[in-house]
Amino acid sequence: MRALLCDNGLRYDLTYPDPVPPPGEALIRVRLAGICNTDLELVRGYLGFRGVLGHEFVGEVVQASDVAWLGQRVVGDINAACRSQQCAACKTGRYTHCPNRTTLGIAGRDGAFADHLVLPLANLFAVPDHVPDESAVFTEPLAAACEILEQIKIAPTDRVVVLGDGKLGLLVAAVLRLTGAELTLVGRNHDKLVIAAGWGVQVRLANEPLPAQTADVVVECTGSPQGFETARRLLRPRGTLVLKSTYHGALNVDMSGLVVDEITLLGSRCGPFAPALRLLAAGLVDPRGLISDTYVLDQAAAAFAHAAAPGVLKVLLAP
């Protein structure tokens with residue numbers, strides 16, 4: 001089959017072996033996949049991954065032990081846990097933190113930038129018929145945004161600031177605006193901020209001043225030391241700082257300040273697919289405005305170059 005590999009850089013292979021689903025897993029024909037910032041970093045050497053890239057996808061089940069799944073259009077949780085009764089994480093339902101997990105297109109499992117992929121049936125979620133592929137492909141990052149509301153309660157009386165106007169920051173803003181909170185998205189790109197403003201979100205450019213120590217919650221989506229520093233400046237004492245992006249290297253953090261101000265520091269990663277699909281199905285979040293372009297798999301090199309360009313949001317790969 002055709003596949004896009006991370007192999008000391010980016011490599012397109014026309015004769016990559018077709019995956020064979022083990023018991024309990026399904027073979028899925030990929031209909032559409034999205035290039036994520038993580039994919040760009042993996043090509044640059046992040047995590048040392050070798051294999052087929054891609055973890056944001058929508059596809060169709062073409063082989064499964066449970067025939068009820070055949071022909072179903074699906075998305076899938078990217079973390080494939082061992083689900084062993086001897087695994088403390090899995091026994092308590094913490095599948096995304098299973099120490100034995102593989103992660104689609106990121107760690108130990110070939111991903112979605114190929115004609116086919118395999119995932120456990122337990123990881124699959126059927127896509128409602130009226131949700132188009134161009135929306136369904138955003139389910140994984142939208143689920144990550146939904147995870148924030150699984151972890152903390154945000155009230156309509158709260159002041160919330162989201163830092164970063166990239167794909168994830170925009171999706172976080174799209175979800176948190178539904179809480180009725182006083183929400184502000186801060187970013188550097190006018191065109192991206194216009195998208196959020198169209199959803200009714202208050203937006204500010206990063207060089208515009210915001211009052212210090214007034215936010216109840218700050219969601220940091222930049223993954224930069226400057227973003228962390230800005231978040232701390234905006235957050236009130238006893239506020240909550242949600243870290244939604246990973247950081248390269250070490251941060252120089254005033255830990256004493258976190259203690260004195262009694263700041264709640266919350267890491268937030270993968271999230272629940274079912275609520276994300278409900279938001280898409282109900283039309284409460286429509287991410288299609290984030291699509292910058294779509295390429296066929298054969299044009300993968302051009303697609304990655306476009307995805308890495310400044311100001312670009314989501315680039316998709318079609319069969």
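This structure is a prediction, so every number in the text was calculated from the model and none was measured. (Residues numbered from 1 in each chain as written. Predicted model: local features only at pLDDT ≥ 70, side-chain atom pairs only at ≥ 80, totals over all residues. Heavy atoms only, no water.)

1. What to know about the pattern of salt bridges
Threshold: Think of a salt bridge as a Lys or Arg side-chain nitrogen and an Asp or Glu carboxyl oxygen that are within 4 Å of each other. Per the convention used, a helix needs a DSSP run of H or I reaching at least four residues, while a strand needs a run of E reaching at least two, with both numbered from the N terminus. Categorising residues by exposure relies on relative accessible area from a 1.4 Å probe, with only protein chains included: less than 20% of the type maximum marks a residue as buried, more than 50% marks it as exposed, and the intermediate range marks it as partly exposed.
Applying the stated criterion to the full structure yields 17 salt bridges. Close ionic contact of Glu182 with Arg159 constitutes a salt bridge, the shortest N to O distance being 3.8 Å. Of this pair, Glu182 sits in strand S13 (residues 182-187) while Arg159 sits in strand S12 (residues 159-163), and the two are 23 residues apart along the sequence. Judged by its relative accessible area of 46%, Glu182 is partly exposed. Via salt bridges that share partners, Arg29, Arg31, Glu60, Arg73 and Asp133 belong to a single interconnected network.

2. Remarks on the side chain of Lys167
Put simply, the rule reads: Counting rule for charge: Lys and Arg are taken as positive, Asp and Glu as negative, and neither His nor the chain ends is counted. Two residues qualify as a contact provided that any one of their heavy atoms is within 4.5 Å of a heavy atom in the partner residue.
With respect to the secondary-structure elements, Lys167 resides in helix H5 (residues 167-176). Buried and unpaired, Lys167 has no salt bridge, with Glu56 as the nearest side chain of opposite charge at 7.4 Å. Apart from the residues within four sequence positions on either side, Lys167 is in contact with Ile35, Asn37, Leu290, Leu313 and Lys314.

3. Observations concerning helix H6 (residues 190-198)
Our working definition: The arc in question is the one traced by the directions running from the helix axis out to the C-beta atoms. Throughout this description, a polar contact denotes any pair of N or O atoms lying within 3.5 Å of each other; where both atoms belong to protein, one of them has to be capable of donating a hydrogen while the other can accept it, and for residues adjacent in sequence the pair is counted only when both atoms sit in side chains.
Among the residues making up H6, those that are buried are Lys192, Leu193 and Ala196. With its buried residues spanning 95° around the axis, H6 presents them on a single face. Counted as exposed and oriented over 90 degrees from the buried face of H6: His190, Asp191 and Gly198. Tucked into the core, H6 has its buried residues touching H5, S13 and strand S14 (202-205). By the N-cap criterion, in which a side-chain oxygen at the helix start approaches the backbone nitrogen of a residue two or three places on, H6 is capped by Asn189, the distance to Asp191 being 3.0 Å. Looking at the residues trailing H6, positive phi occurs at Gly200, about 90°.

4. Topic: helix H9 (residues 273-282)
Here H9 has its buried residues at Phe273, Pro275, Ala276, Leu277, Leu279 and Leu280. Contact partners of the buried residues in H9: strand S6 (73-76), strand S11 (124-126), helix H3 (133-136), helix H4 (139-151) and H5. Looking one or two places after H9, you find Gly283, whose phi comes out positive at around 75°.

5. Quick look at the packing of aromatic side chains
The cut-off we apply is this: Paired rings are identified among Phe, Tyr and Trp, the last through its six-membered ring, by centres lying within 6.5 Å, and are further divided according to the angle between planes into stacked (under 30 degrees), edge-to-face (over 60) and tilted (the rest). A ring has a charge above it when a Lys NZ or an Arg CZ is no more than 6 Å from the ring centre and no more than 35 degrees off the ring normal.
If you walk through the whole model with that rule in mind, you get 3 aromatic pairs. Aromatic pair Phe113 and Phe304: ring centres 6.0 Å apart, planes at 90°, arrangement edge-to-face. With Phe113 in the loop between strand S9 (108-109) and strand S10 (116-120) and Phe304 in helix H10 (residues 300-307), the pair connects residues that are 191 residues apart, well separated along the chain. Assigned by exposure class, Phe113 and Phe304 land together as buried. Ring plane angle 20° and centroid distance 5.4 Å describe the contact between Phe125 and Phe273, whose orientation is recorded as stacked. Of this pair, Phe125 sits in strand S11 while Phe273 sits in helix H9, and the two are 148 residues apart along the sequence. The ring of Tyr95 has Arg83 sitting right over it, with the charged end atom 3.9 Å from the ring centre.

6. Examining the pairing of strand S3 (residues 25-35)
This is how it is decided: Strands are labelled as partners when DSSP assigns at least two bridges between them.
Counting buried positions along S3 gives 9 out of 11 residues, so the element sits mostly inside the fold. When S3 meets S10, the two strands line up antiparallel, connected through 5 bridges. Looking across to S10, one finds that Ala26 is bridged to Leu119. Alignment of S3 against strand S5 (residues 56-63), held across 7 bridges, turns out to be antiparallel.

7. So, the nonpolar core
Convention followed: For our purposes a nonpolar core is just a set of buried Ala, Val, Leu, Ile, Met, Phe, Trp, Tyr and Cys residues, chained together by side-chain atoms within 4.5 Å.
Of all hydrophobic cores here, the largest spans 45 residues; its most connected members are Leu142, Ile148, Val162, Val172, Leu176, Leu185 and Val219. Mapped by element, the contributors of at least two residues to this core are H4, S12, H5, S13, H6, strand S15 (215-220), H9 and strand S19 (314-318). The element contributing the most residues to this core is H5, with 7 residues. Once residues within four sequence positions are removed from consideration, Val172 is found in contact with Ala145, Ile148, Val162, Val219, Cys221 and Lys244. Residues Ala64, Ala112, Val315 and Leu317 belong to the second largest nonpolar core, which totals 35 residues.

8. Some details on the state of the cysteines
Here is the rule: In this description, the term disulfide denotes a pair of cysteine sulfurs within 2.5 Å.
Across all of its chains, the model carries 0 disulfides by this definition. Free of any disulfide, Cys36 has its nearest cysteine sulfur in Cys270, 10 Å distant. For Cys36, a relative accessible area of 14% puts it in the buried group. This cysteine, Cys87, is not joined by any disulfide, and Cys90 carries the nearest cysteine sulfur, 3.6 Å off.

9. As for the sheet that holds strand S8 (residues 102-104)
Taken in spatial order, the 3 strands make up an open sheet running S7-S8-S9, and their pairing is mixed. One side of each edge strand has no neighbouring strand; the edge strands of this open sheet are strand S7 (79-80) and S9. Note that S7 and S8 share 2 bridges and pair antiparallel. Residue Asn79 lies in a different strand from S8, and its bridge partner there is Thr103.

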